[in-house]
Amino acid sequence: EAQVTQNPRYLITVTGKKLTVTCSQNMNHEYMSWYRQDPGLGLRQIYYSMNVEVTDKGDVPEGYKVSRKEKRNFPLILESPSPNQTSLYFCASSPLPGGIGELFFGEGSRLTVL
Amino acid sequence: GESVGLHLPTLSVQEGDNSIINCAYSNSASDYFIWYKQESGKGPQFIIDIRSNMDKRQGQRVTVLLNKTVKHLSLQIAATQPGDSAVYFCAENSGNTPLVFGKGTRLSVIA
């Protein structure tokens, strides 16, 4: 089944404790992206990747890192999480260059930073 | 479910009626538009898209209308069903720029 898989789905952590949210897609998509979703603010892009070893900042990259060593994986790294990073995170991928067109989303990762 | 829909505009529709969800965009250079549906606890799912060289596109029970003059996009759902209850997002982009998402509208279907 074609899908985007995120882990963990739910996580409660404390300020400053490094964490990684993994994202994997099995559709051989070149484009992948991370979003955060907050009440009243909609989906905001954190980072995106056009292809392996190519990553770019989105609208809200502060406090986050990403890597794209393989086409299928695009982990989101919070080196020192803070409470304002409490949010619902979505990974997405697209078969088209630049993410134009349909994005396939994961099921989301709910992160709470205490 | 996930509380992603706080402070959203809400549209309540009787089951069987048609729904119209509206979206205004600001970038006159936008040439591609998508509607997504997000059910509680899930990620957004693609519904329908339209390019700027069209003003109407139909899918199964859904129609997207694009008015470039006033920068307005709408999603029409025919014979709305309880399973249509969700948050609906429009998104746009131009050229190779990433998609920009609207804040969403919650559709509640009254049985």
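Here, the structure is the one placed above.
Now for a quick tour of the structure. (Residues numbered from 1 in each chain as written. Chains lettered and ligands numbered in written order. Predicted model: local features only at pLDDT ≥ 70, side-chain atom pairs only at ≥ 80, totals over all residues. Heavy atoms only, no water.)

## Some thoughts on the overall build of chain A
Each helix and strand in chain A was counted, giving zero helices and 11 strands. Helices (α) and strands (β) of chain A occur, in sequence order from the N terminus, as β-β-β-β-β-β-β-β-β-β-β. The C-alpha atoms of chain A give a radius of gyration of 13 Å, which matches the 13 Å a tight globule of 114 residues would have. In terms of overall dimensions, chain A has C-alpha extents of about 35 × 30 × 25 Å along its principal axes. Taking all contacts inside chain A whose residues are at least 6 apart in sequence as the whole, residues at least 24 apart take part in 53%. Put simply, chain A shows about 5,100 Å² of open surface, and 52% of that area lies on carbon and sulfur atoms. Looking at chain A, you have 12 positive and 11 negative side-chain charges, and the mean spots of the two groups are 7 Å apart. (Helix = DSSP H or I, 4+ residues; strand = E, 2+ residues; numbered from the N terminus. Rg over C-alpha atoms; globule rule 2.2 N^0.38 Å. Contact = heavy atoms within 4.5 Å. Areas by Shrake-Rupley, 256 points an atom, 1.4 Å probe, with all protein chains shown as cover. Lys, Arg positive; Asp, Glu negative; His and termini not counted. Charge placed at Lys NZ, Arg CZ, Asp CG, Glu CD.)

## Let's talk about the interface of chain B and chain A
By a widely used convention, the size of an interface equals the accessible area lost when the partners come together. With 25 residues of chain B at the interface, the matching set in chain A holds 26 residues. Carbon and sulfur atoms supply 57% of the area that chain B and chain A bury against each other, a total of about 1,900 Å² over both sides. Our count for the contact surface shared by chain B and chain A stands at zero salt bridges. Elements that contribute at least two residues to the side of chain B that touches chain A include exactly strand 3 (32-38), strand 4 (45-51) and strand 8 (86-93) of chain B. Looking at the side of chain B that touches chain A residue by residue, the classes come out as 11 nonpolar, 10 polar and four charged. (Buried area = accessible area lost by both parts, 1.4 Å probe. Salt bridge = Lys/Arg side-chain N within 4 Å of Asp/Glu carboxyl O. Nonpolar A, V, L, I, M, F, W, Y, C, P; charged D, E, K, R; others polar.)

## Observations regarding the state of the cysteines
All chains considered together, the criterion is met by two disulfides over all chains. What pairs with Cys 23 of chain A in a disulfide is Cys 91 of chain A, and their sulfur atoms sit 1.9 Å apart. Disulfide Cys 23 of chain A-Cys 91 of chain A: the torsion about the S-S bond is -75°, which places it as left-handed. Pair noted here: Cys 23 of chain A is in strand 3 (residues 19-25) and Cys 91 of chain A is in strand 9 (residues 87-94), with a separation of 68 residues, a long-range link. Looking at Cys 91 of chain A, the relative accessible area reads 0%, which means it is buried. Paired through a disulfide, Cys 23 of chain B and Cys 90 of chain B show a sulfur-sulfur distance of 1.7 Å. Negative torsions about the S-S bond denote left-handed disulfides, and the value of about 45° found for Cys 23 of chain B with Cys 90 of chain B makes this one right-handed. Of this pair, Cys 23 of chain B sits in strand 2 (residues 19-24) while Cys 90 of chain B sits in strand 8, placing them 67 residues apart in sequence. We note that Cys 23 of chain B, like Cys 90 of chain B, is buried. (Disulfide = S-S within 2.5 Å. Buried < 20%, exposed > 50% of the residue type's maximum accessible area, 1.4 Å probe, protein only.)

## Digging into the sheet that holds strand 6 (residues 62-67) of chain B
What holds strands together in a sheet is hydrogen bonding between their backbones, with the strands either parallel or antiparallel. All names here are of chain B. Ordered in space as 2-7-6-5, the four strands form an open sheet in which the pairing is antiparallel. Each edge of the open sheet is held by one strand with a lone partner, namely strand 2 and strand 5 (56-58). Across the sheet, the mean angle separating the axes of adjacent strands is 15° when strand polarity is ignored. (Pairing = 2+ DSSP bridges. Axes fitted to C-alpha atoms, helices over the stretch in contact; angles between N-to-C directions.)

## Quick word on the side chain of Thr 80 of chain B
All names here are of chain B. Tracing the sequence through the fold places Thr 80 in the loop between strand 7 (72-77) and strand 8. For Thr 80, a relative accessible area of 0% corresponds to the buried category. Residue contacts for Thr 80: discarding those within four places in its chain leaves Val 13, Glu 15, Gly 16, Asp 17, Asn 18, Ser 19, Arg 61, Leu 107 and Val 109.

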